[in-house]
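Letter by letter, the chains look like this.
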Amino acid sequence: MDEYSGGTPEADHLCVLVHGLWGNPNHMKNVAKALRDQFPPNKLHILVAKRNSGSFTYDGIELGGERVCLEIEEELALIKSKGGHIKKISVAGYSLGGLVARYAIGLLHARGVLDDLECKNFTAFASPFLGVRAPLRGWSDRIWNSLGARTLCMSGRQLFGIDEFRDTGKPLVAVLADPKSIFMAGLARFQRRTLYTNIVNDRSAVHYTTGITKTDPYVDMSKVKTNPLPGYDDVILDPKNPVSPAAPKDPEPLMQSVEKWAKRVPIIATIVVFVPVALLAFFTNAAIQTVRSSQRVKLHESGLAGIKIEGYRVNLWIKEMREAVEDAYENINNSQNQQYLGLSEDDEDNSTEDRHLLSLERKQSHPHFPTLALAPYQFSAIQALDRLGWRKYPVWIHNARHSHAAIIVRMDKKGFEEGWVVLRHWARDEFLA
């Protein structure tokens, strides 16, 4: 990692890389390498954030953002002390790191740090900007939505949207996308906002949330025709026209169906035998990490963790408008058991404002790509974030069943090679120097 990070005093552009949940700086090694292959140390200074490594990502987006903000301020001061002068800044976040980075950017904006810098690129790789609450049917999704929020401590509650951030009465995911917040004002300063979203096999953050969209045309790839971006094989799709409905196909022969099921038998057997053991180990570790995280949060809040938090607890709003509707985000789809928006009767537990929003979304639903059963705060976040303008690149990783890791080549592993197509596209074609 050290061979790619840092820079010389001549470099006037700082790029900050932020890893994701359960991550560490080494996860961003190949992201840094892709940048360094294009920009030498005398042109670009690379900072890979380190303060949120490992289980520290359990502590929540707020604490993570404060740590990254401090780390950036310290790096700017260190560069200046060595005779350097940073004039431009870029930020890239992976997975949860995208949300942490957006929080840090809001703080940098509010503290005036960005006033003397030219904000160039904000990039997100597979970042769940709408949270991770599953809008799908089935017992597995209900279990995931119920247990997931409680196994990741503060980060889980925030990602699943069951938290109330400070005195806002809203989930932090909603506050980050509020047009009046410092977070949106900071994000708007960047000349280019880019995201890369996996369309299949992302078990950590599905397409609708990483692509900031209310539809998912990739649920069944046999029903769509993909349109690749020229020059990038079929890994990156054309952002202007990624897919179109496919022509109807003949029914699959019986023998092919039998062969497919036969291939799944070993997988099913593995799930039956090993998943219960793995779940027990996971929940045991989650309980331990939750206790440790709670202890770190208390130290952080008391100012004993090395950060004077009063300097980072700034006013969240650009305008003094605190008239958010109370209870607007309460009791939203508590028993969500459908994949797409259903009948209007399903909205009875929501506020009048939310029912109106859901009614509009229902009318706009397209028969080929119907609107997912998202929560009102997620629809509002989509609208607000899209107004800023994004360059959205759908990514189709074919050779790895874990596309969430492959999209940034999180490790040098066979099957992750397609992630290099993504990283080189970003460094060569997207990144503004």
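In the nomenclature of an unreviewed UniProt entry, the protein is known as Lipase of Cercophora samala.

**Some details on the overall build of the protein**
A tally of helices and strands in the protein yields 13 helices and 8 strands. Relative to its 433 residues, the protein shows a buried fraction of 52%. Long-range contacts, defined here as pairs at least 24 residues apart, represent 75% of the contacts in the protein between residues at least 6 apart. For the protein, the accessible area works out to roughly 20500 Å², and carbon and sulfur atoms hold 55% of it.

**A look at helix α2 (residues 61-81)**
Taking 1.5 Å of rise per residue, the 21 residues of α2 would be expected to cover 30 Å, and the 30 Å separating its terminal C-alpha atoms lies within 8% of that figure. Extensive coverage of α2 is indicated by the burial of 16 of its 21 residues. Taken from the residues just after α2, Gly83 is the one with a positive phi, measuring 95°.

**Things to note about the environment of Leu44**
Locating Leu44 in the fold gives a position in strand β2 (residues 44-48). The spatial distance from the C-alpha of Leu44 to the C-alpha of Asp12 is 6.7 Å, given a sequence separation of 32 residues. In contact with Leu44, not counting residues within four places along its chain, are Gly6, Gly7, Ala11, His13, Cys15, Leu35, Arg36, Phe39 and Phe431.

**Things to note about the pattern of salt bridges**
Applying the stated rule across the entire model yields 12 salt bridges. A salt bridge links Lys120 to Glu118, with the nearest nitrogen and oxygen atoms 3.4 Å apart. For Glu118, a relative accessible area of 35% puts it in the partly exposed group. Measuring nitrogen to oxygen at the nearest pair gives 2.8 Å for the salt bridge that ties Lys170 to Asp178. The class for Lys170 is buried, based on a relative accessible area of 13%. Judged by relative accessible area, Asp178 falls into the buried class, the value being 5%.

**So, the sheet that holds strand β1 (residues 13-18)**
The 6 strands are arranged β2-β1-β3-β4-β5-β8 in an open sheet whose pairing can be described as parallel. Both edges of this open sheet fall to β2 and β8 (391-395), since each of them pairs with a single strand only. In this sheet, neighbouring strand axes are inclined to one another by 15° on average, regardless of whether the strands run parallel or antiparallel. Here 5 bridges tie β1 to β2, and the two strands are oriented parallel to one another. Residue pairing for β2: Leu17 is matched across the bridge by Val48. Against the sheet, helix α13 (residues 418-430) contacts β1, β3 (88-94), β4 (118-125), β5 (192-198) and β8, and its axis sits at roughly 165° relative to β5.

**Notes on the packing of α2 against helix α3 (residues 96-110)**
Two elements in contact, α2 and α3, have axes separated by 8 Å at closest approach and are oriented at 60°. What the angle tells us is that α2 and α3 run oblique. In this structure, α2 crosses over α3, and the sense of that crossing is right-handed. Between α2, through Ile61, Glu62, Gly64, Gly65, Glu66, Val68, Cys69, Ile72 and Glu73, and α3, the contact on the second element is made entirely by Leu96, Leu99, Val100, Tyr103, Ala104, Leu107 and Leu108. For the contact of α2 with α3, the per-class residue count stands at 11 nonpolar, 2 polar and 3 charged.

**A few points about the environment of Leu47**
Examined against the element boundaries, Leu47 turns out to sit in strand β2. On the basis of relative accessibility, which here comes to 6%, the residue Leu47 falls in the buried class. Considering only alpha carbons, one finds Leu47 and Ile72, 25 residues apart in sequence, at a separation of 8.0 Å. Excluding residues that lie within four positions of it along the chain, Leu47 makes contacts with Leu14, Cys15, Val16, Leu17, Glu71, Ile72 and Glu75.

**Comments concerning the pairing of β5**
A regular strand carries its side chains on alternate faces of the sheet. Buried residues dominate β5, accounting for 7 of its 7 residues. Of the two faces of β5, the one holding Arg192, Thr194, Tyr196 and Asn198 and the one holding Arg193, Leu195 and Thr197 are both buried throughout. Sheet topology places β4 next to β5; 5 bridges connect them, and they run parallel. By the bridge assignment for β5, Ala124 is matched with Leu195. Where β5 meets β8, 5 bridges bridge the pair, whose relative direction is parallel. By the bridge assignment for β8, Thr194 is matched with Arg391.

**Digging into the packing of helix α1 (residues 29-38) against α13**
Contact pair α1 / α13: the axes reach a minimum separation of 9 Å and the direction vectors enclose 45°. Here α13 runs oblique to α1, going by the angle between their axes. Considering how the two elements wind past one another, α1 and α13 form a crossing that is right-handed. Seen from α1, the contacting residues are Asn30, Val31, Lys33, Ala34, Leu35 and Gln38; seen from α13, they are Trp420, Leu423, Trp426, Ala427 and Arg428. Among the residues forming the contact of α1 with α13, the class breakdown is 7 nonpolar, 2 polar and 2 charged.

**Quick word on the nonpolar core**
The tendency in soluble globular proteins is for nonpolar side chains to be buried side by side. Membership of the largest hydrophobic core comes to 59 residues, with the highest contact counts inside it found for Leu14, Ile72, Tyr103, Phe122, Phe129, Leu385 and Trp390. The biggest single contributor to this core is α3, with 9 residues. Look past the residues within four positions of Phe122 in its chain and what remains in contact with it is Val91, Gly98, Ala101, Arg102, Ile105, Phe129, Leu187, Phe190, Arg192, Arg193, Thr194 and Trp390. By size, the runner-up hydrophobic cluster in this structure holds 39 residues, among which are Leu17, Ala32, Ile236 and Phe431.

**Focus: α13**
Between its first and last C-alpha, α13 extends 17 Å over 13 residues, near the 18 Å set by a 1.5 Å rise per residue. Judged by how many residues are buried, α13 sits mostly within the fold: 10 of 13 residues are covered. Turning to α13, its buried residues number three or more, namely Glu418, Gly419, Trp420, Val421, Val422, Leu423, His425, Trp426, Ala427 and Glu430.

Reading guide: rules and limits
- All residue numbers refer to position in the chain's written sequence, counted from 1.
- The predicted nature of this model means local features are confined to residues of pLDDT at least 70 and side-chain atom pairs, given and counted, to a pLDDT of 80 or more, with totals for whole chains, interfaces and linings taken over all residues.
- With hydrogens and water set aside, each side-chain value is computed from the structure's full complement of heavy atoms.
- The numbering of helices and of strands both runs from the N terminus, where a helix is a DSSP run of H or I of at least 4 residues and a strand a run of E of at least 2.
- Any residue under 20% of the maximum accessible area for its type is buried, any over 50% is exposed, and the rest in between are partly exposed; the area is computed with a 1.4 Å probe on protein chains only.
- Between two residues, a contact is recorded if the distance between any of their heavy atoms is within 4.5 Å.
- Here, Shrake-Rupley sampling with a 1.4 Å probe gives the accessible areas, and only protein chains in the shown set may cover a residue.
- An expected span of 1.5 Å times one less than the residue number is assigned to each helix.
- Here a salt bridge means any side-chain nitrogen of Lys or Arg lying within 4 Å of a carboxyl oxygen belonging to Asp or Glu.
- When DSSP finds two or more bridges between a pair of strands, those strands are recorded as paired.
- Inter-axis angles, ranging from 0 to 180 degrees, are taken between N-to-C directions of lines fitted to C-alpha atoms, where helices are fitted over the stretch in contact.
- Throughout, the term roughly parallel applies to angles under 35 degrees, roughly antiparallel to angles over 145, roughly perpendicular to angles from 65 to 115, and oblique to all others.
- Handedness of a helix crossing follows the sense of rotation of the near helix relative to the far helix, less than a right angle counterclockwise being left-handed and clockwise being right-handed.
- Residues are sorted three ways: Asp, Glu, Lys and Arg are charged, Ala, Val, Leu, Ile, Met, Phe, Trp, Tyr, Cys and Pro are nonpolar, and all the rest, Gly among them, are polar.
- Throughout, nonpolar core names a set of buried Ala, Val, Leu, Ile, Met, Phe, Trp, Tyr and Cys residues whose side chains join them through atoms within 4.5 Å.

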